[in-house]
Amino acid sequence: MSGTVTEASTEASALTRLKSAQKSAKGISLYSRFVNRPAGRYLAAGAYRAGLTPNQVTLISAGFSFAAVLGVAFAGPTWGVGLLVWLGLAVGFAFDSADGQLARLRGGGSAAGEWLDHVVDCAKITALHTAVLIAFYRHPEHFGTASDGWLLVPLGFQLAAVVTFFGGLLTEQLKPKAAPGQGPGPSTVRAVALLPVDHGVFCLVFLLLGGGVAFRWAYTGLGVAAALFLVAFLAKWFRELSAVHR
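Heads up: these notes are all about the structure in this document. Treat the numbers as computed from the prediction; the structure is a model and nothing was measured. (Residues numbered from 1 in each chain as written. Predicted model: local features only at pLDDT ≥ 70, side-chain atom pairs only at ≥ 80, totals over all residues. Heavy atoms only, no water.)

1. Quick look at the environment of phenylalanine 95
Turning to its location among the elements, phenylalanine 95 is positioned in helix 4 (residues 79-105). Look at phenylalanine 95 and you get buried, because its relative accessible area is 11%. For the pair phenylalanine 95 and threonine 58, spaced 37 residues apart in sequence, the C-alpha to C-alpha distance is 6.9 Å. What phenylalanine 95 contacts, discounting residues up to four positions off in sequence, is Leu43, Val57, Ile60, Ser61 and Phe64. (Helix = DSSP H or I, 4+ residues; strand = E, 2+ residues; numbered from the N terminus. Buried < 20%, exposed > 50% of the residue type's maximum accessible area, 1.4 Å probe, protein only. Contact = heavy atoms within 4.5 Å.)

2. Section: a nonpolar patch on the surface
Residues Leu83, Leu204 and Leu207 make up a contiguous nonpolar surface patch of about 230 Å² in total accessible area. Inspection of the secondary structure assignment puts leucine 204 in helix 9 (residues 199-204). (Patch = residues over 30% accessible without salt bridge, like charges linked within 9 Å, V, L, I, M, F, W, Y side chains within 5 Å. Areas by Shrake-Rupley, 256 points an atom, 1.4 Å probe, with all protein chains shown as cover. Salt bridge = Lys/Arg side-chain N within 4 Å of Asp/Glu carboxyl O.)

3. With respect to the packing of aromatic side chains
Tallied over the full model, the rule gives 15 aromatic pairs. Look at phenylalanine 143 and phenylalanine 215: their rings are 5.7 Å apart centre to centre, the planes differ by 55 degrees, and that puts the pair in the tilted class. Linking phenylalanine 143 in helix 6 (residues 140-143) with phenylalanine 215 in helix 10 (residues 213-242), this pair joins segments that are 72 residues apart in sequence. Here phenylalanine 143 matches phenylalanine 215 in class, with each residue buried. For the pair phenylalanine 215 and tyrosine 219, a centre-to-centre distance of 5.8 Å together with 25 degrees between the ring planes defines the contact as stacked. Placement of the pair is phenylalanine 215 and tyrosine 219 together in helix 10, with a separation of 4 residues, close to one helical turn. One exposure class covers both phenylalanine 215 and tyrosine 219, and it is buried. Connected via pairs of aromatic rings, a cluster forms that spans Phe136, Phe143, Phe157, Phe202, Phe206, Phe215 and Tyr219. Here arginine 216 stacks its cationic end above the ring of tryptophan 150, 4.0 Å away from the centre of that ring. (Phe/Tyr/Trp six-rings, centres within 6.5 Å; stacked < 30°, edge-to-face > 60°. Lys NZ or Arg CZ within 6 Å of the ring centre and 35° of its normal.)

4. Looking at the pattern of salt bridges
Applying the stated criterion across every chain, the model contains 4 salt bridges. Glutamate 240 serves as the salt-bridge partner of lysine 175, at 3.3 Å between the closest nitrogen and oxygen. Of the two residues, lysine 175 sits in the loop between helix 7 (152-174) and helix 8 (188-193) while glutamate 240 sits in helix 10, which places them 65 residues apart along the sequence. For lysine 175, a relative accessible area of 32% translates into the label partly exposed.

What follows is the structure, encoded as structure tokens:
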């Protein structure tokens, strides 16, 4: 009994410390702020109690995510498969938030851990859109993708997603780091506007996998949004970096 109480106390303490060590909410969508990060906080506290390292949590995230990717590519596009794919992607995304939170809880991460996290993220993005391409090719009657032109949609979405990921990461590295507490706080309007390009929102589209054409149109709509946001992001990042003298 005392062991159970001690474990609960340890997890509660970890949760309290995690709440006070959160990254800024600036520049993230409402989903990440109010759903994914809190879920990741609980997973990080559980991983801390279990003695897991941040790298192990990253690999758990990869396991859930890539299991979902394989489901999209090779399982039948049914409503049940779509639910499992969404669940795998959503849990993988929550663990992706947990690894960084766990690292901060343990006193800071390593360069190798950050590298592993970004490599897994990039591989996940690339593989997921490739899986949709495979699904469109394997099941043209279900998705209404008999025309080869539809196969360009996942390729275009993949391009927008990868360039956004790389451009954002590189901009973060090249921009001078602002002092804590400086600059405007998180904007609710911006948090709402970023929902179409939040990975957690993107995961929801796979709930429509069994709907065939409905999935195709929802996926295409998010792809168009990703392309438009990419143009806006590139202009913003280039303008910000133009003022940086190295």
